[in-house]
There are 4 protein chains.
Amino acid sequence: MTTRQQSTALCAPLEIEDFGVQPMEDASPPKWHLAHTTWFFETFLLKPFAKDYQCYHKHFEHLFNSYYNGVGTPFPRPRRGDLSRPTVKEVMAYRSYVEEHMLDLIDEAAHPRNAAVRNQQHENLSQAIYTRVVLGIHHEQQHQELLLTDLKYNFGHNPLFPPYCPLLRDATQDPPDTQIFQQYNGGMCRIGASPNAVDFCFDNEAPAHRVFVHPFALADRLVTNGEYLAFVEDGGYQRSELWLSEGWVKLLESQWQAPLYWTKQGDQWYEYRLDGLHPLRLELPVVHVSAFEALAYAAWRGMRLPTEFEWEVAAQQQDVQGNFMEAKFFHPQAAQVPGTCPDTSGERRSADRNNKPHQALDQLYGEVWQWTCSSYAPYPGYQPLPGTLGEYNGKFMSSQLVLRGASCATPATHARQTYRNFFYPPDRWQFSGIRLAQDV
Amino acid sequence: MTTRQQSTALCAPLEIEDFGVQPMEDASPPKWHLAHTTWFFETFLLKPFAKDYQCYHKHFEHLFNSYYNGVGTPFPRPRRGDLSRPTVKEVMAYRSYVEEHMLDLIDEAAHPRNAAVRNQQHENLSQAIYTRVVLGIHHEQQHQELLLTDLKYNFGHNPLFPPYCPLLRDATQDPPDTQIFQQYNGGMCRIGASPNAVDFCFDNEAPAHRVFVHPFALADRLVTNGEYLAFVEDGGYQRSELWLSEGWVKLLESQWQAPLYWTKQGDQWYEYRLDGLHPLRLELPVVHVSAFEALAYAAWRGMRLPTEFEWEVAAQQQDVQGNFMEAKFFHPQAAQVPGTCPDTSGERRSADRNNKPHQALDQLYGEVWQWTCSSYAPYPGYQPLPGTLGEYNGKFMSSQLVLRGASCATPATHARQTYRNFFYPPDRWQFSGIRLAQDV
Amino acid sequence: MTTRQQSTALCAPLEIEDFGVQPMEDASPPKWHLAHTTWFFETFLLKPFAKDYQCYHKHFEHLFNSYYNGVGTPFPRPRRGDLSRPTVKEVMAYRSYVEEHMLDLIDEAAHPRNAAVRNQQHENLSQAIYTRVVLGIHHEQQHQELLLTDLKYNFGHNPLFPPYCPLLRDATQDPPDTQIFQQYNGGMCRIGASPNAVDFCFDNEAPAHRVFVHPFALADRLVTNGEYLAFVEDGGYQRSELWLSEGWVKLLESQWQAPLYWTKQGDQWYEYRLDGLHPLRLELPVVHVSAFEALAYAAWRGMRLPTEFEWEVAAQQQDVQGNFMEAKFFHPQAAQVPGTCPDTSGERRSADRNNKPHQALDQLYGEVWQWTCSSYAPYPGYQPLPGTLGEYNGKFMSSQLVLRGASCATPATHARQTYRNFFYPPDRWQFSGIRLAQDV
Amino acid sequence: MTTRQQSTALCAPLEIEDFGVQPMEDASPPKWHLAHTTWFFETFLLKPFAKDYQCYHKHFEHLFNSYYNGVGTPFPRPRRGDLSRPTVKEVMAYRSYVEEHMLDLIDEAAHPRNAAVRNQQHENLSQAIYTRVVLGIHHEQQHQELLLTDLKYNFGHNPLFPPYCPLLRDATQDPPDTQIFQQYNGGMCRIGASPNAVDFCFDNEAPAHRVFVHPFALADRLVTNGEYLAFVEDGGYQRSELWLSEGWVKLLESQWQAPLYWTKQGDQWYEYRLDGLHPLRLELPVVHVSAFEALAYAAWRGMRLPTEFEWEVAAQQQDVQGNFMEAKFFHPQAAQVPGTCPDTSGERRSADRNNKPHQALDQLYGEVWQWTCSSYAPYPGYQPLPGTLGEYNGKFMSSQLVLRGASCATPATHARQTYRNFFYPPDRWQFSGIRLAQDV
């Protein structure tokens, strides 16, 4: 229930008015996120497993279904912002009702009142309930990040630029050192996860399988605003030869001039962050760029983006740590200035003889999602979840690219080495940034 | 200030969530209506006339400008629903601030502290202030009606169909008698209004001028749901020969099958009214039809819609009375059953020898706006208001049709004989209905 | 059959490739015009009246139906340019086949082989056939003008700017004198036509009826390119206050900077005419302006456009003469320099005491259609033709404006005082121009 | 020059009218293909290498540039069908002019008149010219296939369904045997091509590199119309669970019910082929399906599509042979009935111990392009051609899928093992079909 409380805690700074706004088709209102994650538990946990469960409201199944065609017709996505009713209060009541029944169900599964059912069948049922609960928690964590990105889209497009959180950084730091490219030998590598009883993973991360990876090098930190600004000022948004054809069309259509939340007033660039609108801080990682922009930037540098396999191979050397949602920064932080960073690379160095970097990569997790050049496709032998839950991931495997890592809006326990996030190449309202790669 | 209070009173049944929703491009959120009408007074009254007036908020000029290009760039209309900030509370504070300064200004105009200014110049200034105040009041009355129609669009498209007001009618009445067509001789008629110091009119109602009107006849009451249902059931929405070409294209595009708030469940038609979703009441006037539907219905009946001149000539015989906003029905009522209606026609009968009806027309005002077949065009000699206020009416004089009368959502003091309402032929979210006409 | 030959004669300068192009949705390919006018005779004349008539091709009814829903489903208008088959040769064969049967039918109607049928029934039939033939001829004349305007749209948007006819004017003339505004008293005027056995008119010109017209004045000639250029150079396309709201939106969307066929190369304006691309000739009438542009220009001059009634009242004083299609100029000519114009105004002066101008209006017919500010609406007592032919005019009576006069692309016998042409306010690919009006 | 003649030979059955039609945005008119392939030689061969070359026409650079931003602004793609000029004759003259200069240039390169230039510099120049000529030939071959697919789109959407070639098959054959799945061991495989002086390849096929491929099985023939019809009749187009999310949206939008050229009349399915509209032949391969349809079909069968690597590994065992453009069938042929097929598998069997099939795959080349599930992405170490020619392939590497093989509209010398064709998942106007794959 910690995750459930986390969702409502994230909404503490909001006014009632903020809960209903859907500022673009892809971004949902906070209220909708709160209700949909509840609907998910109701639909996939309580309805099939809770005995005599009474559905909270006959219309909610339709209203808060996101895209599961197997559960009736979803309410049209672009109209989510039109629902002034149910109110926030009513949605909170819906949350409470479902949580109460979840607790009952979990309790019953753990301690059946009827001792006679303490048998294998019960074991199986308990396992099924546990699986669904864990899936629902990870589902809710995804929506916590979306709630933040969607809210940022709302606030960042309101001429009043309201802050969501208090001012977090008031002094410019030194820019980080020049990027260093860590080399990896590649070779036959194990990629992906094997579902097991202990560690959760989504179906799209499985099965674990072997991939042959060519030698490669990855930048030891993310691209900064300052580095990206040099691209902008060099005419990066006017030079078609740097862009994919679809990217160039999108740029012209949407009149892109810079990353999503940058605005220029006179000669000064500003960036809207969740703590308000502030002059652009050059040392911070660039964030809210589309894959098209990431690819054009890499082309301008004469480099490329990593494949998702390269990223995962590099990440196998390192721990999962970083600036996550719980830190409440809600914005990526500057890379560690060498020497000030706690040196935990000692252990890492001996971890793998084949893929041993000279030094660890910084900012792997918890600042920005890192675009890869890998299409979001099924792994060899991929099997979607059975039934309607099979619509969770598999049906989106076209035209999208994989992002790796995790962002400052990702719950810490949601990040892992094998995690595959995915968005369309023009999308840029997520906390997405750039880590460069090179052939060796 | 009664009108100002009326606006907030209309919002009493709303939840905070309801204030922000913009369910389609043409319909604005209640909060926006409250702020825009305030902006109107601030921009056109306080800024030019109130000494040392401090603008309430530098961004509001942009945010709450509707379409006055002469006052900077308006905030994009389709995005009005995206503004969760300012909050309802902040908008109410804006209203109070502006009202306070309005009262000061009006007071000063009436009773100048400095006796020396009690001269002609002051008189002129007072007159100018008075004119703007009156214009602002009528402007706010227009937005009161829009607030209700826009809210109805929101609630009427929410699957929960929330009611705005308590249930008003619980018993079906008898259907009204067959329509009687009252004959009028027409001839040279005086149309329109002459602006004067006492009676307000919009610039588009002036100047008064002569029009030659052919003999005509008007139905003594509005078309009912029952009568319109016969058209629906006779295949009215499948027979292209009854429709204007543009209307037929719109019908196909939008898949019109019936008036806006009608829905069919099984064999039963339902209508969403501001008191909730209820079985269709056959004796009530049909409402929320577009001009295309009104014209197709008239063609099906072998009749036509009145011109705006015919309507005005007929209205010259009668008083302005009906079921207005203040009655709090918020839905058109059934026509009077003859005999139960207070007979005030005695006076009328002798009023005008040339255009004398046998009997008065019922439901002229205060139920539904009545589509005419007249294009919204300038009267001969039309002059828009000077300056930016000239954008109020004149610039919309293309492709629209005039509606006459007033509806159950119109403030009583806003209705008059010469009033010209105007909407596009496909529009149907207003309280618009049908009065039939015939040649004689 | 002269009109039929005229259609093919107009195509003499075309290459086979030119017959198939549909450069925008509203403009049809020449081949389609040739086939559709033939379809019209086949559908409305031969099928109902020619005994044992064999339809030429089963698919042509569908392919060459323009918009008559009563005759099956028309082939989608935007796809007319996709029909490489039937070929031009096949369409010409279709024309010949239909013409042959028309001649037989007309011959039979005039001289029945069976003497026994020379009775009243035959008279009626002959009259019906004659009526349809005349309607079909006027229909084909309309399409001759459209063929030229659509071809001009094609050639005028081809970067090669191919000429359709040889260069016609190679010397700039003097600009005409300042416009003089002729005054008319107005009053009760007869407007429209009474259908009779001798003079053809469309159903939308009838019935003749009385209209009360206020005193007015009309410019004695059309607005010139030079005069319009002054508007362009005064920022006419940047000043929203001069434009109707819909016009301003259209201007922004379509990035209008000048009339349709004007282009600027360096500092010089050029105009594409059917004799090629040439430097703008200031003394020629401005042509290919939308109603929005005409209205904005009039507003800039502090004047207005005439109503269609004013235009007709003025035209009642004058003969139908001008620069028509047969003159093969295919472009409007400069106004007569006073003194060089043959003075026929003597007779006119005494024609009507009530509406007597000091001097005749120049360029009334045969240069450009003149936008009026009158909406295209039914006259009082309007009756569409019975049956499917009723779709000819009536169903377009929404959102359009009336144009009066005739253009350099109109066949001479197609022009008349009571003719009502109609297009949408943003349309500008017709030969449409501006005659100014004023209140008196 | 054979290839150049081939292009015009393909147009022999066309009427002049057929050369100009662009029936949808992605399909270009035949005339445009003829001119653009000429433009390619003029721009990339003659202008840089032919001394004193005079450009044929100053406007053609703009008109016939497809998408090379590096060579000025291309003429808007959707308007290619609007160019009635230049005429077919003029385009043919353009072709002749360029061919003449090409021959001169090639002759000069081979036999320099000035003996003094027979040195290394000349060698280099000759090599560069040779490279460009070969590239231009392969480019023209691509456009020969597009010319056929675009023409088919035109004819197949004309209600007259004109045939392009004479009737080719008039007797139904037996359906082929059940599909057999040939197994391959995979492992470390060499993929792609190494550019060399002898064998041409596009930049996107290089560099050759190693890929680890899991064991797999491929169907020994293509999916037939009969097999696909079973999917259609089982509700394949109504079951969202079989489709990718984007595919389902596209299906609903475009109202897909069956492959592109299938139409149902009564109970009988018909298929438009380039030899006309005929009853659906069940034994022929299904063709003109999108990737979305191919994937849904595979899902319905419980199988999948091959990766491009799997396809290439299997193809490494076999010769490049099949039903190509030169056979003039212009439609895929039925699979060989076993026993009638010339057994050339003997040699193949011993070719590779690792990837040895029991039997060869039929229909690998020359019937239909086979959708793979591989995104079109750069191979490791991919380098686009230098300069503007780098726009040829690389900039399209987003959102597309690779197709392998070749079709009945592909010139025989254009097909090869490593060839990577690519289209968007919803595209279906190419000769694209389905070969199924399975995990082992």
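Up top you'll find the structure we're talking about.
Residues numbered from 1 in each chain as written. Chains lettered and ligands numbered in written order. Predicted model: local features only at pLDDT ≥ 70, side-chain atom pairs only at ≥ 80, totals over all residues. Heavy atoms only, no water.

## Points about the environment of Tyr237(D)
All names here are of chain D.
So, point 1. By the secondary structure assignment, Tyr 237 is in the loop between helix H6 (225-233) and helix H7 (245-254).
So, point 2. Tyr 237 gets classed as buried once you look at its relative accessible area, which sits at 3%.
So, point 3. With near-sequence residues (within four places) excluded, Tyr 237 lies in contact with Tyr 228, Phe 231, Val 232, Trp 243, Trp 248, Leu 251, Trp 256, Gln 257, Ala 258, Pro 259 and Glu 293.
So, point 4. Within the structure, Tyr 237 has its side chain in polar contact with the side chain of Tyr 228 (distance 2.6 Å).
So, point 5. Separated by 2.5 Å, the side chains of Tyr 237 and Glu 293 make a polar contact. (Helix = DSSP H or I, 4+ residues; strand = E, 2+ residues; numbered from the N terminus. Buried < 20%, exposed > 50% of the residue type's maximum accessible area, 1.4 Å probe, protein only. Contact = heavy atoms within 4.5 Å. Polar contact = N/O pair within 3.5 Å; in protein donor to acceptor, adjacent residues only side chain to side chain.)

## Structural notes on the relation of the copies chain B and chain A
Each of the two copies of the chain can be brought onto the other by a rotation about an axis and a shift along it.
So, point 1. Rotating chain B by 180° and moving it 0.0 Å along the rotation axis overlays it on chain A with an RMSD of 0.0 Å. When the rotation and shift are considered jointly, the pair of chain copies conforms to a two-fold rotation axis. Looking at the rotation axis and the C-alpha trace of chain B, the residue lying nearest is Glu17(B), at 2.9 Å.
So, point 2. A high fraction, 100%, of the interface residues of chain B reappear at the interface in chain A, so the copies pair face to face through one surface. (Least-squares fit on C-alpha atoms with pLDDT ≥ 70 in both.)

## Some remarks on empty space enclosed by the protein
So, point 1. Following the criterion strictly, the structure yields 12 cavities of 30 Å³ or more and no others.
So, point 2. Lining the largest cavity are 17 residues, with Glu17(A), Gly20(A), Glu17(B), Gly20(B) and Val21(B) sitting closest to its centre.
So, point 3. Across the lining of the largest cavity, the residue classes break down as seven nonpolar, six polar and four charged. (1 Å grid on protein atoms, 1.4 Å probe; cavity = no way out; pocket = protein on both sides within 12 Å on 5 of 7 lines; lining within 4 Å. Points joined across faces, edges and corners; volume = space filled by probe spheres on them. Nonpolar A, V, L, I, M, F, W, Y, C, P; charged D, E, K, R; others polar.)

## Comments concerning the interface of chain B and chain A
So, point 1. Every contact between the two is made by 31 residues of chain B and, on the other side, 31 residues of chain A.
So, point 2. Here chain B packs against chain A, burying approximately 2,300 Å² in sum over the two surfaces, 57% of which is carbon and sulfur.
So, point 3. The largest share of the area that chain B buries against chain A comes from Glu17(B), Arg85(B) and Leu160(B), three residues that together contribute 29% of it.
So, point 4. Seen at the junction of chain B and chain A, the total is two salt bridges.
So, point 5. Close ionic contact of Arg85(A) with Asp18(B) constitutes a salt bridge, the shortest N to O distance being 2.6 Å.
So, point 6. At the junction of chain B with chain A, the criterion picks out 14 residue pairs in polar contact (both at pLDDT 80 or more).
So, point 7. Only helix H3 (60-63), helix H4 (88-110) and helix H5 (120-156) of chain B provide two or more residues apiece to the side of chain B that touches chain A. (Buried area = accessible area lost by both parts, 1.4 Å probe. Salt bridge = Lys/Arg side-chain N within 4 Å of Asp/Glu carboxyl O.)

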